[in-house]
Amino acid sequence: LQVVMQLFLTVCWLLPYSLATCGLFSRRLSSASGPGPKVCIVGGGPAGFYTAQHLLKARDDMVVDVYERLPVPFGLVRFGVAPDHPEVKNVINTFTQTAQHERCYFYGNVNVGTDVSVEELRKAYHAVVLSYGAEANRSMRVSGEGLAGVFSARDFVGWYNGLPSNKELQPHLNCETVVILGQGNVALDVARILLSPLDLLKKTDITQHALDTLAASRVRRVLIVGRRGPLQIACTIKEVREMINLPDTAADMLPADFESISEALKDLPRPRKRLTELMMKTVKTESGQHKANKSWGFRFLRSPLEVLPGPDGKRVAGIRLAVNKLEGSGEDAKAVPTGQTEDLECGMVISSIGYKSLPIDPCVPFDPRSAIVPNNMGRVKDTAGLYCSGWVKRGPTGVIATTMNDSFDTARMLLKDMDSGMLNLSVNKPGGQEITALLKERGVRAVSFPEWEKINLEEVRRGTAVGKPREKFLDVKDMLAVAWS
Ligand SMILES: Cc1cc2nc3c(=O)[nH]c(=O)nc-3n(C[C@H](O)[C@H](O)[C@H](O)COP(=O)(O)OP(=O)(O)OC[C@H]3O[C@@H](n4cnc5c(N)ncnc54)[C@H](O)[C@@H]3O)c2cc1C
Ligand SMILES: NC(=O)c1ccc[n+]([C@@H]2O[C@H](COP(=O)([O-])OP(=O)(O)OC[C@H]3O[C@@H](n4cnc5c(N)ncnc54)[C@H](OP(=O)(O)O)[C@@H]3O)[C@@H](O)[C@H]2O)c1
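Computed from a predicted structure; not experimentally measured.

## Considering the pattern of salt bridges
For step 1, the next point in the chain: Here the structure, examined in full by the defined rule, presents 33 salt bridges.
For step 2, the next point in the chain: The salt bridge partner of Asp 205 is Lys 89, with a shortest N-O separation of 3.1 Å. Taken as a pair, Asp 205 in the loop between helix H8 (198–201) and helix H9 (208–215) and Lys 89 in the loop between helix H3 (75–79) and helix H4 (91–99) lie far apart in primary sequence, 116 residues in all.
For step 3, the next point in the chain: Lys 89 gets classed as buried once you look at its relative accessible area, which sits at 11%.
For step 4, the next point in the chain: The salt bridge partner of Lys 468 is Glu 471, with a shortest N-O separation of 2.7 Å. Pair check on accessibility: Lys 468 and Glu 471 agree, each one buried.
For step 5, the next point in the chain: Here the salt bridges do not stand alone but share partners, grouping Asp 84, Glu 87, Asp 189, Arg 192, Lys 238, Glu 239 and Glu 242 into one network.

## What to know about the UniProt feature "binding site: FAD" (unreviewed entry) in the chain
For step 1, the next point in the chain: As recorded in UniProt, the sites labelled "binding site: FAD" (unreviewed entry) are Ala 47, Glu 68, Leu 76, Val 112, Trp 391, Gly 398, Val 399 and Ile 400. Annotated residues spanning 354 residues; largest pairwise C-alpha distance 24.8 Å, indicating distribution over more than one region.
For step 2, the next point in the chain: For Val 399, the location among the structural elements is in the loop between helix H12 (391–394) and helix H13 (400–420).
For step 3, the next point in the chain: When its relative accessible area of 54% is taken as the criterion, Val 399 is described as exposed.
For step 4, the next point in the chain: Turning to its location among the elements, Ile 400 is positioned in helix H13.

## A few points about the site of ligand 1
For step 1, the next point in the chain: By nearness alone, 32 residues border ligand 1, and Ala 47, Glu 68, Gly 398, Ile 400 and Thr 403 come closest of all.
For step 2, the next point in the chain: The separation between a nitrogen atom of ligand 1 and a polar main-chain atom of Val 112 is 2.9 Å.
For step 3, the next point in the chain: Contact with the protein chains hides 92% of the accessible area of ligand 1, taken as 1,000 Å² for the molecule alone.
For step 4, the next point in the chain: Mapped by element, the contributors of at least two residues to the shell around ligand 1 are helix H2 (46–58), H3, helix H7 (185–195) and H13.
For step 5, the next point in the chain: Residue composition of the shell around ligand 1, grouped by class: 17 nonpolar, 11 polar and 4 charged.
For step 6, the next point in the chain: Among the domains, domain 1 (31–135 + 357–447) and domain 2 (138–355) are the pair contributing at least three residues each to the shell around ligand 1.

## Some thoughts on the site of ligand 2
For step 1, the next point in the chain: If you check the shell around ligand 2, you find 19 residues, and the closest are Gln 183, Arg 227, Arg 228, Glu 239 and Gly 398.
For step 2, the next point in the chain: Here Gln 183 contributes a backbone N or O atom positioned 2.9 Å from an oxygen atom of ligand 2.
For step 3, the next point in the chain: A distance of 2.8 Å separates an oxygen atom of ligand 2 from a polar side-chain atom of Arg 228.
For step 4, the next point in the chain: Among the elements that take part in the shell around ligand 2, H7 stands out by supplying 3 residues, more than any other.
For step 5, the next point in the chain: Residues that form the shell around ligand 2 fall into these classes: 6 nonpolar, 8 polar and 5 charged.
For step 6, the next point in the chain: When we break the shell around ligand 2 down by domain, the ones giving at least three residues each are domain 1 (31–135 + 357–447) and domain 2 (138–355).

## Comments concerning the nonpolar core
For step 1, the next point in the chain: If you look at the biggest cluster of nonpolar residues, it comprises 53 residues, and the most contacted ones within it are Trp 296 and Phe 298.
For step 2, the next point in the chain: It is H7 that provides the largest number of residues to this core, a total of 7 residues.
For step 3, the next point in the chain: In this view, Phe 298 contacts Gln 183, Leu 188, Ile 224, Ile 233, Cys 235, Val 240, Asp 252, Met 253, Asp 257 and Met 279; residues no more than four positions away in its chain are not counted.
For step 4, the next point in the chain: The next biggest cluster of nonpolar side chains, apart from the first, holds 43 residues, and it includes Ile 41, Val 77, Phe 106 and Leu 414.

## A look at the pairing of strand E2 (residues 63–67)
For step 1, the next point in the chain: Burial analysis of E2 places 5 of its 5 residues in the buried class, which makes it a mostly covered element.
For step 2, the next point in the chain: With respect to chirality, the unit in which strand E1 (residues 38–42) leads through H2 into the neighbouring parallel E2 is right-handed.
For step 3, the next point in the chain: As paired strands, E2 and strand E3 (residues 104–107) are joined by 4 bridges and run parallel to one another. When the bridges of E3 are listed, Val 64 appears paired with Cys 104.

## Quick word on the UniProt feature "binding site: NADP(+)" (unreviewed entry) in the chain
For step 1, the next point in the chain: Residues annotated by UniProt as "binding site: NADP(+)" (unreviewed entry) correspond here to Gln 183, Gly 184, Asn 185, Val 186, Arg 227, Arg 228, Glu 239 and Gly 398.
For step 2, the next point in the chain: In this fold, Asn 185 is placed in helix H7.
For step 3, the next point in the chain: Looking at Asn 185, the relative accessible area reads 24%, which means it is partly exposed.
For step 4, the next point in the chain: Ignoring sequence-local partners within four residues, the contact set of Asn 185 consists of Cys 235, Thr 236 and Glu 239.
For step 5, the next point in the chain: Mapped onto the elements of the fold, Gly 398 is located in the loop between H12 and H13.
For step 6, the next point in the chain: Those residues in contact with Gly 398 that sit more than four places away from it in its chain are Trp 391 and Thr 403.

Basis of the calculations
- Residues numbered from 1 in each chain as written.
- Chains lettered and ligands numbered in written order.
- Predicted model: local features only at pLDDT ≥ 70, side-chain atom pairs only at ≥ 80, totals over all residues.
- Heavy atoms only, no water.
- Salt bridge = Lys/Arg side-chain N within 4 Å of Asp/Glu carboxyl O.
- Helix = DSSP H or I, 4+ residues; strand = E, 2+ residues; numbered from the N terminus.
- Buried < 20%, exposed > 50% of the residue type's maximum accessible area, 1.4 Å probe, protein only.
- UniProt positions renumbered as here; feature names shortened; annotations may be inferred.
- Near = heavy atom within 4 Å.
- Polar contact = N/O pair within 3.5 Å; in protein donor to acceptor, adjacent residues only side chain to side chain.
- Areas by Shrake-Rupley, 256 points an atom, 1.4 Å probe, with all protein chains shown as cover.
- Nonpolar A, V, L, I, M, F, W, Y, C, P; charged D, E, K, R; others polar.
- Domains from an automatic or database assignment.
- Core = buried A, V, L, I, M, F, W, Y, C linked by side-chain atoms within 4.5 Å.
- Contact = heavy atoms within 4.5 Å.
- Right-handed = clockwise from strand over helix to strand, strands pointing away.
- Pairing = 2+ DSSP bridges.

What follows is the structure, encoded as C-alpha cells:
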C-alpha cells in the first residue's frame, strides 16, 4: 500500500510537468500576447514579487513577466536570510502564489543587461520595473583588504547559503578569533553561524560544504566591531538576544562602553531603549564569566585602518583600528578619529559594512555615489516607462516588510501613470513573446516557474534524505540539468 501511495504522490507531483512538456500547459511557460498592459520586472527577489503581486491584483488585464538572472527565484530570501531563520522564508509561499498567477510568467536564467538589454525590454513592454537588488558589497578601502582570510559578509553569507558564485570561497576556519566589521543584522547572522552548535545547523538548509567546514572550525571568539557607540548599533534586539542565548557561548562586552549611556536611556525611542537595556543587562550578568568555550562581543568606536598580514605577508594576522569619538548624539552622531589606534589579533576578518547595487545597463541612469538607480518615488529619473523598487531603489537597508511596502509604493506609482495616460497603453506591445524570440536567437533558454519547481522538488528530496529541509544545488549547470530533464 505504501508503494502504491508513493507512486500516486509522485504522479501527482510530476503530472503538471509532463503536461507542460507536451504543450498542454504551455500558457504557464511563456507570456501571453493579449491587448492588456504588459509590464516586466527585472529581478525575482522580494521587491520583484511584491511589485508583481500589487500590479496583478490592481488590474485584471495586466500581464507581468519577471526576469531573473539565476535559474532559481527569491533573491536574498534564498541566498541571504540565515539558514536558522526558516520562518522568515515563509514569504516564499506568497511569492510562489504570485508566480503561479495565470497572468504572471517567470523567466529564470536570464541576465538582464547581458542576455537582453533594458532598452529591448522597454520596447517590448509598456513599463519596466528594475528590482535587481544589491549584488555587490561596500569595500572597506583599507590596505590589506586583499589578504587571504579577509572576506566580505556578502560572500561569506553567499557561501553558506549556496550562492553559485560563492561556492569556491573556502574560508578555512582554522583560527581562534574572527573580527567582523559592522554591527548590522548581517554581522550578527555571520557571528551566529560561526558560533552555533553544529547539531542546530545540521537541521537547517545550510549547504553541506559549509557544514563540513564549520565541523572543522577552530573559531572560539568573534568580535563585532562598530565605528560608533552602543546607542548607534545597527542590529535589532531579536538578533542580539539570539547571540546571548547561544549555547556554550559567553558575551564578552567591555563595561566601560556602557558607563556613560544610562543617562541617555530615558529619552531613547522604545526599540532602541530596549536594545540598550538588554546590552547593559548582559554586561552586568556576563562580564567576567569565562566558563563557556566560546565568546562573542561588541567593540565600539573603532574603524578599520589596515588589515595586518602575518609573517608570510599573505594571510591576515590582525587588524589596526582607529579609535573614534562621537560628534553629536543619537542616530545621527558621527564617528570622528581621535588619532589613537588599536591592534586586534585575529585570523579572519569579515567586512559587514553593507551591500551595494551595481549598474546593469549603460542606458539606465545610475548614481555611483549612493549606488542606487536615481528615482522619484519609484519613477526612474529622466526615463519614461522605467521604474524601480527594493534595494536598488532605496539602498541596501530594510527588512522584507520594508521592501514589500516600498514595492507596493512603486506599483501604485506605475498604476497611477497608467491611469493618467502618462504611460501610453493605446499601443499593443509584444511583451514576453518578442523577448523569448530574441533570447532564442541568442541561445539563451529561460527557466520557467514549473521548471524551477522541479529544481525545488529535487532539492527538497536531497535534503529529506539527510534530515534537512533542502540541500541546495551549488552549480547553475546542475540546476539547469534538473530544470530541463
Ligand atoms: C544576509 C542578509 C540576511 C537578511 N535576512 C533578513 C531576515 O532575516 N529578515 C528580513 O526581513 N530581511 C532580511 N534581509 C533583508 C531582505 O533580504 C531584503 O530586504 C530583500 O531581499 C531586498 O529585496 P530585493 O528584491 O530588493 O533584492 P534581492 O533579494 O537581492 O533580489 C534581487 C534579485 O534580482 C536578481 N538580479 C540581479 N541582477 C539581475 C539581472 N541583471 N537580471 C535579472 N535579475 C537580476 C537577483 O538574482 C535577485 O534574485 C536580509 C538581507 C541580507 C543581505
Ligand atoms: N534578521 C533580520 O531581520 C535581518 C538579517 C540580516 C539583514 N537584515 C537587514 O538587511 C539590511 C542590511 O543589513 P546590513 O547589516 O548589511 O546593513 P546595516 O544594517 O546598514 O549595517 C551596516 C553596518 O556597517 C557599518 N558601516 C557602514 N559603513 C561603514 C564604514 N565605512 N566603516 C565602518 N563601518 C561601516 C554601519 O555603521 P553605521 O551605523 O555607523 O553606518 C553598520 O554598523 C538591514 O536593514 C538589516 O536589518 C535583517
